[in-house]
Amino acid sequence: MAIPRIVLFGATGFTGRLTAEALVARGARPLLAGRDQTRLTALADALGGGLPIAVADVCRPESVRRIVAPGDVLISTVGPFVRWGEAAIAAATEAGAVYFDTTGEPTFVKRIFQRHGPAAAARGAALVTAFGYDYVPGNLAAALALRKAGPGAARVDVGYFVEGGTARRASAGTRASALGMVLEPMYGFREGRIVPEHGRTRKFLVDGRVRHGLSIGASEHFTLPPAHHGLREVNVYLGWLGGLTRVAGVLAKATPVIAALPGVRRATEALADRVLRTGGGGAPAGAGMSSSVVAEAYDAGGRRLAVVHLTGGDPYEFTAGVLAWAATTALAEGVRGTGALGPVDAFGLDALTRGCAEVGMTVKG
């Protein structure tokens, strides 16, 4: 039988290339996979030569299935995931492999847990979605806060914040995914169940500053409640828009109406395709770029029980680093379970804390 390996699908994209570099830095020799053999060869050469390559395309799902075998660890960075993520999921599930992706798209995350998880479990596959800055540190911070809070915790709020050059750093893939998310239904977790949500905002106090966040669907809504049975509410907020957050919240409330207008979705997809074709973004990380993730746990009466604050650097560098850590760990030791898993489910809280710290995301204070 073939020796299990790490397969990096989408290796020549912005996030894929960063992840390839991080894997090689950890001593791994991943199979680099993507649509363009010339670009794959150039990447393999740039990484020192000798790395295996394979041509695979989501438009030909059988080509993706051919590169994944039982025991493999598959990393997919091919987005927007709602449109192009199914081929990698099917390949990992069929092979009984361990799967990671870099999606931040709420609809795709929901699809993994509600649709694909049971099929993966039946085949012995593990699907660990949204394994990057979206949404590993929020899962970690929330789990740490809930451990500190104890059994009285009934609600947890998570906020993500980035400082310094976010717009220039955003890759074409990130911007295309963001366009795809504009018209997708958001969700939260309240009263013990997943519920629709549009435009909720709140304030966080981060390093003495008031920061505004806009609610978003995330993996935390699916991963935290099963592990903390008293948890009745999970809220996740992105705080990247600063003072425009409230305006964005108002616009988000109108999303269902806008999405129902004829031709709007098609126009949004066309714009996303144009963003991908023209490229741009992905500027080098600036020295001042930093990230913060805050989790606050509350009891049923709204009394705050615990706060955990994680700090790190560039979100893209974190994503690449934590993927490389996770893939090499999973290849060597496996993950803890099958089906759709959260980051803590897959590795355990203490191991995940150490892994994130290795790549620069640490608990403050």
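Now for a quick tour of the structure. Just so we're clear, the structure is a prediction, and the values are computed from it rather than from any experiment. Counting restarts for each chain, with residues numbered from 1 along the sequence as it is written. Local features are withheld for residues below a pLDDT of 70 in this predicted model, meaning they are given only at 70 or higher, and side-chain atom pairs are given and counted only at 80 or more; totals for whole chains, interfaces and linings count all residues. As a rule here, side-chain values cover all heavy atoms of the structure and leave hydrogens and water aside.

Structural notes on the overall build of the protein chain
Under the scheme used here, helices are H or I runs from DSSP no shorter than 4 residues and strands are E runs no shorter than 2 residues, and both carry numbers assigned from the N terminus. Within the protein chain one finds 16 helices and 16 strands. Throughout, exposure labels follow a simple rule: accessible area from a 1.4 Å probe, protein chains only, divided by the maximum for the residue type, with under 20% read as buried, over 50% as exposed, and the rest as partly exposed. In the protein chain, which comprises 365 residues, the share counted as buried stands at 54%. Intrachain contacts of the protein chain at a sequence separation of at least 6 include 73% that bridge at least 24 residues. Methods summary: accessible areas were calculated by the Shrake-Rupley approach with a probe of 1.4 Å, and residue burial reflects only the protein chains presented. A total accessible area of about 15500 Å² is found for the protein chain, and carbon and sulfur atoms account for 55% of it. Here, two residues are considered to be in contact whenever any of their heavy atoms come within 4.5 Å of each other.

Notes on the packing of aromatic side chains
Only rings of Phe, Tyr and Trp enter the pairing, Trp through its six-membered ring, and a pair is recorded when the two centres are within 6.5 Å. The plane angle decides the type: under 30 degrees is stacked, over 60 is edge-to-face, the rest tilted. For the coordinates displayed, the defined rule picks out twelve aromatic pairs. Between Y135 and Y160, the aromatic rings sit 5.8 Å apart at their centres with planes inclined by 75°, giving edge-to-face as the arrangement. Pair noted here: Y135 is in the loop between β6 (126-128) and α7 (136-149) and Y160 is in strand β7 (residues 155-163), with a separation of 25 residues, a long-range link. An identical accessibility class is assigned to Y135 and Y160; each is buried. Taken together, F100, F131, W325 and F347 form an aromatic cluster joined through their ring pairs. Two limits define a charge over a ring: the Lys NZ or Arg CZ must be within 6 Å of the ring centre, and within 35 degrees of the ring normal. Geometry around F204 places R202 over its ring, the cationic atom sitting 3.8 Å from the centre.

Overview of helix α5 (residues 86-95)
Helical periodicity: at 3.6 residues per turn, an α-helix aligns residues three or four positions apart in one direction. With respect to burial, α5 is a largely interior element, seven of its ten residues being buried. G96 occupies a position one or two residues after α5 and carries a positive phi of about 70°.

Observations regarding the side chain of S292
Relative to the helices and strands, S292 resides in strand β13 (residues 290-298). Throughout this description, a polar contact denotes any pair of N or O atoms lying within 3.5 Å of each other; where both atoms belong to protein, one of them has to be capable of donating a hydrogen while the other can accept it, and for residues adjacent in sequence the pair is counted only when both atoms sit in side chains. Polar contacts involving the side chain of S292 include one to the side chain of H309, which spans 3.4 Å. Residues in contact with S292, not counting those within four places in the same chain, are Y133, G159, Y160, F161, V206, H309, L310 and T311.

What about the pairing of strand β14 (residues 304-312)?
Pairing of β13 with β14, which is carried by eight bridges, proceeds in the antiparallel orientation. Directly across from A295, in β14, lies its bridge partner V308. A pair of strands is treated as paired once DSSP finds two or more bridges between them. Between β13 and β14, which follow one another and run antiparallel, lie five residues, and G302 among them has a positive phi close to 90°. In terms of strand pairing, β14 meets strand β16 (residues 362-363) through two bridges, oriented antiparallel.

Comments concerning the packing of α7 against helix α10 (residues 220-227)
The contact between α7 and α10 brings their axes to 10 Å, and the two run at 25°. Judged by the inter-axis angle, α7 sits roughly parallel to α10. Judged by the sense of rotation from one axis to the other, the crossing of α7 with α10 is right-handed. Taken together, the residues of α10 that come into contact with α7 (itself represented by G138, N139, A142, A143 and L146) are E220, T223 and L224. Note on residue categories: nonpolar means Ala, Val, Leu, Ile, Met, Phe, Trp, Tyr, Cys or Pro, charged means Asp, Glu, Lys or Arg, and polar means any other residue, Gly included. Its residues assigned to classes, the contact of α7 with α10 shows four nonpolar, three polar and one charged. Convention adopted: a line fitted to C-alpha atoms gives each axis, helices being fitted over their contacting stretch, and angles between N-to-C directions are expressed from 0 to 180 degrees. Each angle gets one of four labels, with under 35 degrees taken as roughly parallel, over 145 as roughly antiparallel, 65 to 115 as roughly perpendicular, and the rest as oblique. Should the near helix be turned counterclockwise from the far one by less than a right angle, the crossing is left-handed, whereas a clockwise turn marks it as right-handed.

Some words on the packing of α5 against helix α6 (residues 106-123)
Interhelical geometry of α5 versus α6 gives an angle of 20° and a closest axis separation of 9 Å. Between α5 and α6, the angle falls in the class roughly parallel. Considering only the axes of α5 and α6, their crossing is right-handed. Contacts from E86, I89, T93 and E94 of α5 reach α6 at F108, R111, I112, R115, H116, A119, A120 and R123.

Some words on the sheet that holds strand β1 (residues 6-9)
What the seven strands build is an open sheet, ordered β3-β2-β1-β4-β5-β6-β15; its pairing is parallel. Each edge of the open sheet carries a strand with a single partner, namely β3 (53-55) and β15 (339-340). Examined bridge by bridge, β1 and strand β4 (residues 73-76) share four bridges and lie parallel to one another. The residue bridging I6 from the neighbouring strand is V73, located in β4.

Looking at α10
Across the eight residues that make up α10, a large majority, six, are buried. Residues of α10 that are buried include every one of E220, H221, F222, T223, L224 and P225, and no others.

Topic: the nonpolar core
Counting 76 residues, the largest nonpolar core has L32, F100 and F131 as its most contacted members. Counting residues per element, this core draws most heavily on helix α14 (residues 315-333), which supplies ten residues. Other than its neighbours up to four places away in sequence, L32 contacts L8, A11, A20, L40, L43, A44, L47, L51, P52, I53 and A54. Among the nonpolar cores identified, the runner-up in size contains 26 residues, and A33, I67, V68 and A92 belong to it. In this description, a nonpolar core means a group of buried Ala, Val, Leu, Ile, Met, Phe, Trp, Tyr and Cys residues linked to one another through side-chain atoms lying within 4.5 Å.

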